[in-house]
Amino acid sequence: MVNSFLIIGGYSHIARAIIDELVLTKQAEQIVAVSRGSRPADLNNIHWYQSDYSESSIAALISQFRDEGRHFSLVIICHGVLHDDTVQPEKRLEDLNADSLRHVFQINAITPLLWLKHLVPLLRQSALCKVAVFSARVGSIGDNHLGGWYSYRASKAALNMLLKSAAIEYARRAPNVKILAFHPGTTDTPLSRPFSKQVPEHKLFQPAFMVKQLLQILERLEPDGELSFLDWQGQRIDW
Ligand SMILES: NC(=O)c1ccc[n+]([C@@H]2O[C@H](COP(=O)([O-])OP(=O)(O)OC[C@H]3O[C@@H](n4cnc5c(N)ncnc54)[C@H](OP(=O)(O)O)[C@@H]3O)[C@@H](O)[C@H]2O)c1
């Protein structure tokens, strides 16, 4: 059995910082990344798999990991979209449409849960496994004082609810697993860049800093049957 670390959504700038940190501190042989994109030229020492994130592709990859004798002590799921070629965060109700809502929900809420669905049999074999899924503070219903960003906010709130139910089920079926919904703070990546001008410099994090915070927080967490919703300081966020 090979103890491995699984990073899903490897082209995310945050994922890349996670991979770089793990390469420095762990054996590259243990690092497994999944992305729609092909392996970056400078990452030929880690295991890289491509996926279109369809459910059949996710199931096939998990089955391949099982055949390779991998078990995972760390899984980090990075999928997330705020804007892309087809969607922009909505400022008002008139900006909404059903197609963009569906697109954002698929990436931010549905795909992460498909991973958790298919990972159950594999993760229950590990002695201990920490799973971090990138959520966002704007997915907090209690913290929503500004409105707007309908699809992003709602998809992250849905992600949190899906993770909450998954954490309850994992507590029964894989009690060795701890699940964290994580808010990284505003981190300098293509996702935040169009909106980061309003963010004071000391509140705009470089991915490498935020990743160190995440890994320290994960180190402290133990399986307790609960979903934690924490920010980059390890502070609880209102649901
Ligand atoms: N940056 C911030 O300030 C900030 C703040 C709060 C929360 N977050 C969250 O942190 C996470 C990482 O964000 P980032 O800033 O690193 O963004 P990013 O660089 O834009 O990364 C985007 C991620 O989403 C995945 N993705 C994009 N389109 C997809 C699709 N059609 N289907 C499935 N996956 C798709 C990408 O996977 P591939 O590898 O397959 O391309 C990649 O993992 C996201 O969940 C985001 O919501 C970020």
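For the structure, check the block above.
Conventions adopted
Residues numbered from 1 in each chain as written. Predicted model: local features only at pLDDT ≥ 70, side-chain atom pairs only at ≥ 80, totals over all residues. Pairing = 2+ DSSP bridges. Helix = DSSP H or I, 4+ residues; strand = E, 2+ residues; numbered from the N terminus. Axes fitted to C-alpha atoms, helices over the stretch in contact; angles between N-to-C directions. Contact = placed C-beta atoms within 7 Å. Near = placed C-beta within 6 Å. Nonpolar A, V, L, I, M, F, W, Y, C, P; charged D, E, K, R; others polar. Buried ≥ 20, exposed ≤ 12 C-beta atoms within 10 Å, placed from the backbone. Right-handed = clockwise from strand over helix to strand, strands pointing away.

Asks: Help me understand the sheet that holds strand β7 (residues 227-231), please; the structure alone is not making it clear to me.
Replies: Adjacent strands of a sheet pair through backbone hydrogen bonds, lying either parallel or antiparallel. Overall, parallel pairing links the 7 strands, which are arranged β3-β2-β1-β4-β5-β6-β7 in an open sheet. Unpaired on one side and paired on the other, β3 (47-50) and β7 mark the two borders of the sheet. Pairs of neighbouring strands in the sheet enclose a mean axial angle of 25°, with direction left out of account. Sheet topology places strand β4 (residues 70-77) next to strand β5 (residues 129-134); 4 bridges connect them, and they run parallel. Counted as the bridge partner of Leu-74 is Lys-130 from β5. Where helix α4 (residues 150-173) meets the sheet, it contacts β5, β6 (177-183) and β7, and its direction lies at approximately 165° from that of β6.

Asks: Where do I start with the site of the ligand in this structure?
Replies: Of all residues adjacent to the ligand, which total 27 residues, the nearest are Gly-9, Tyr-11, Ser-12, Gly-80 and Thr-189. Secondary structure elements with two or more residues in the shell around the ligand: α1 (13-25) and α3 (98-123). Among the elements that make up the shell around the ligand, the one with the highest residue count is α1 (3 residues). Partitioning the shell around the ligand into residue classes produces 12 nonpolar, 14 polar and 1 charged.

Asks: Would you explain the pairing of strand β2 (residues 31-35) in this entry?
Replies: Residues in a regular strand point their side chains to alternate faces of the sheet. Of all the 5 residues making up β2, 5 are buried; the element is thus mostly covered by neighbouring parts of the structure. Side-chain alternation along β2 places Ile-31, Ala-33 and Ser-35 on one buried face and Val-32 and Val-34 on a second face that is also buried. One ladder, built from 4 bridges, connects strand β1 (residues 2-8) with β2; its direction is parallel. Its bridge partner being in β2, Leu-6 is matched across the sheet by Val-32. Taken together, β1, α1 and β2 form a β-α-β motif whose crossover is right-handed. As defined by bridge partners, β2 adjoins β3 across 4 bridges and the pair is classed as parallel. Pairing of Ala-33 across the sheet is with Trp-48, part of β3.

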